[in-house]
Each structure stands twice: as C-alpha cells, then as structure tokens.
Amino acid sequence: MLRRFAAVGRRALLCGGGEAQPSPGKSWASSEALWRRLQAGGASVVPGFLSEEEEALLVAELEPQLRRRRYEEEHWDGAIHKYRETEKSHWSKESHEILQRVRDAALPPGVPQLSQVHVLDLAKTGYIKPHVDSVKFCGCTIAGLSLLSSSVMRLVHEQNPQDCLDLLLERRSLYILRGPARYEYTHEILKDEDSFFNGRKVPRERRISVICRNLPLSSDPS
Ligand SMILES: O=C(O)CCC(=O)C(=O)O
Ligand SMILES: [Fe+2]
Ligand SMILES: [Mn+2]
C-alpha cells in the first residue's frame with residue numbers, strides 16, 4: 001500500500017497568506033522567524049535544485065507509467081484528491097544520478113532509506129489535505145522534488161495551529177522536511193484557488209512530485 005500517513009481531519013487555520021511579508025524576493029517562507037526555527041531543525045527548500053533538462057528527463061521517464069493510470073478522486077485515507085501515484089525502484093542511469101543527488105543532499109548519512117521512490121501526480125485540480133506522514137512507514141526525513149508546477153506547501157503545528165507558515169515550492173525545487181517540520185507540523189499542498197504566496201497567485205498546474213524518504217527507526221518519536 002502506498003499511503004504512509006495519518007490524515008488530520010481539521011482544516012488548517014488560514015495562515016501566512018498576504019499578511020506576514022518576508023523581505024522581498026529573499027525568502028521561500030511566509031514567516032521568517034518560524035522558518036528559521038524549522039530550518040535549524042533540518043527543514044529546507046532549495047529552489048532550482050533541478051535544471052530544466054533534468055526535469056524533462058524525469059518527466060519523460062515517468063509519463064508512460066503514469067499515463068496508464070487514471071486520476072483518482074480521493075485516496076482511501078481522504079488526504080489526497082485528484083491524483084495518481086506509483087512507487088518506482090528502477091530508474092534510468094541518468095535519473096538514478098539525479099535521485100542520488102537528492103539522497104546525498106537531503107537524507108542524513110547512515111540512516112536506512114526507502115529504496116522505492118514515491119511518485120505523486122496531482123491534477124491541476126488536485127490537492128493534499130493536512131497530514132503528518134506516518135511514523136510507521138516513514139523515518140526522519142521527507143525529500144521532495146516538484147516537477148511541472150510550482151505550489152504552496154502549508155505547515156501547521158498540530159498542537160498550536162496559529163503556529164503556521166507557507167512555503168513556496170517552485171517548479172524544480174527540492175524541499176526537505178525533517179525535525180519539527182516533519183513530526184510536529186502537518187503539511188499540505190494548497191488547491192489552485194487557495195494557491196497564494198505573500199498575496200501573489202501561484203498558479204497550480206498539473207504537478208508531479210518525486211519523493212525520497214528514510215525508513216523509520218525504532219528510536220523515531222511516535
Ligand atoms: O507531493 C508532495 O510533495 C507531498 C506528498 C505528501 O505529502 C505525501 O505523499 O505524503
Ligand atoms: Fe504525506
Ligand atoms: Mn508528505
């Protein structure tokens with residue numbers, strides 16, 4: 001089974017959005033102070049991690065596999081809407097090298113990794129509701145590439161929902177969720193109609209994410 005998280009029922013409070021303004025052009029997060037804290041815990045966003053050529057290469061390799069599937073309305077756990085997905089362990093040499101670069105950049109050395117890469121294709125009208133990836137199936141780090149579309153990822157603290165921020169996930173960026181951002185905050189991908197970052201529309205097109213994860217350790221908090 002592909003799903004790896006416990007969905008969170010409540011809708012996130014409105015946060016970030018047009019109000020908290022980072023220094024113009026400088027930040028990929030809507031709240032500087034909170035983002036600095038989450039970065040200190042190991043979270044990050046790396047814009048332009050992929051070149052256009054690398055993005056095209058990954059999409060070309062994934063497209064035939066994805067096209068065989070139909071978009072599903074809703075996942076059984078209710079978190080993902082209008083999506084299709086696959087898990088892939090065999091890649092071309094070129095793609096393998098890109099994914100190795102992701103693993104080297106994002107996954108801590110010495111921690112076992114899920115060998116299968118999760119590929120999630122969200123339709124233009126697709127979105128992901130707030131959830132925390134299940135500690136049963138996923139370890140300390142989630143590392144995701146965004147292909148074909150930019151999007152806004154919202155992080156909301158599970159205990160203090162006013163503690164929240166939006167991340168701009170540009171097309172070809174890499175995001176890393178680790179530490180508090182991985183365990184204490186839900187993450188979600190906003191639907192097109194809600195997709196704003198600092199008051200600016202971030203149009204949601206079809207988006208493919210390619211996600212590498214660590215395996216859980218028995219010492220992971222749960
Ligand atoms: O598409 C993404 O980048 C996130 C996907 C996600 O949250 C998940 O599969 O658990
Ligand atoms: Fe997830
Ligand atoms: Mn996730």
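Per chain, residue numbering runs from 1 following the sequence as it is written. Both sets of labels track the order of writing: A upward for chains, 1 upward for ligands. In keeping with the predicted nature of the model, local features appear solely for residues at pLDDT of at least 70, side-chain atom pairs appear and are counted solely at 80 or more, and the whole-chain, interface and lining totals rest on all residues.

Secondary structure counts use DSSP, requiring at least four H or I residues in a row for a helix and at least two E residues in a row for a strand, with both numbered from the N terminus. Along the chain, the regular secondary structure elements total 4 helices and 13 strands. Buried residues in the chain amount to 38% of all 222 residues. Residue pairs qualify as contacts under a 7 Å threshold applied to their C-beta atoms, which are placed from the backbone. In the chain, once contacts between residues fewer than 6 apart in sequence are set aside, the share between residues at least 24 apart is 82%. For every residue, the other C-beta atoms within 10 Å of its own C-beta are counted; 20 or more classify it as buried, 12 or fewer as exposed, and values in between as partly exposed. C-beta atoms are placed from the backbone.

For the rest of this paragraph, the subject is the nonpolar core. Core analysis: the biggest nonpolar cluster contains 48 residues, and Ala-143, Leu-155, Leu-167, Leu-174, Tyr-175 and Val-210 have the highest contact counts within it. No other element matches the 6 residues that strand E5 (residues 117-133) contributes to this core. The residues contacting Leu-155, other than those within four sequence positions of it, are Cys-164, Leu-165, Leu-167, Ala-181, Tyr-185 and His-187. A set of buried residues qualifies as a nonpolar core if it consists of Ala, Val, Leu, Ile, Met, Phe, Trp, Tyr and Cys joined through C-beta atoms within 7 Å.

Cross-referencing UniProt, the feature "domain: Alpha-ketoglutarate-dependent dioxygenase AlkB-like" (unreviewed entry) maps to residues 73-212 in the present numbering. Helix makes up 13% of residues 73-212 and strand 49%, with an end-to-end C-alpha separation of 24 Å. UniProt positions are given in the numbering used here, feature names are shortened, and annotations may be inferred rather than shown by experiment.

In the Ramachandran plot, Lys-82 falls in the positive-phi region, its phi being about 55° despite a non-glycine side chain. Turning to its location among the elements, Lys-82 is positioned in strand E4 (residues 80-88). In this structure, Asn-198 takes a positive phi of about 50° despite not being glycine. Here Asn-198 lies in the loop between strand E11 (196-197) and strand E12 (200-201).

This part takes up helix H2 (residues 52-67). For an α-helix, the turn length of 3.6 residues means that residues three or four places apart are oriented alike. Multiplying one less than the number of residues by 1.5 Å gives the expected span of a helix. Helix length check: H2 (16 residues) gives 21 Å between terminal C-alpha atoms against 22 Å at 1.5 Å per residue, within 8%. Of all bends in H2, the biggest is about 30°, found at Glu-61, and the proline Pro-64 comes one to four residues later. The quantity called bend is, for any residue, the angle between two axes fitted respectively to the seven residues ending at it and the seven beginning at it.

The convention used is that axes are lines fitted to C-alpha atoms, helices contributing only their stretch in contact, and that angles between N-to-C directions extend from 0 to 180 degrees. For the pair H2 and helix H3 (residues 93-106), the least separation of the axes is 10 Å and the interaxial angle reads 120°. Put simply, H2 runs oblique to H3. For H2 against H3, the interelement crossing comes out left-handed. Of the residues in H3, those touching H2 at Glu-54, Leu-57, Leu-58 and Glu-61 are Glu-94, Ser-95 and Ile-98. Each residue gets one of three labels, nonpolar for Ala, Val, Leu, Ile, Met, Phe, Trp, Tyr, Cys and Pro, charged for Asp, Glu, Lys and Arg, and polar for the others, Gly among them. Residues that form the contact of H2 with H3 fall into these classes: 3 nonpolar, 1 polar and 3 charged. By the definition adopted for this analysis, an angle is roughly parallel if under 35 degrees, roughly antiparallel if over 145, roughly perpendicular if from 65 to 115, and oblique otherwise. Left-handed describes a crossing whose near helix is turned anticlockwise from the far helix through less than a right angle; right-handed describes the clockwise counterpart.

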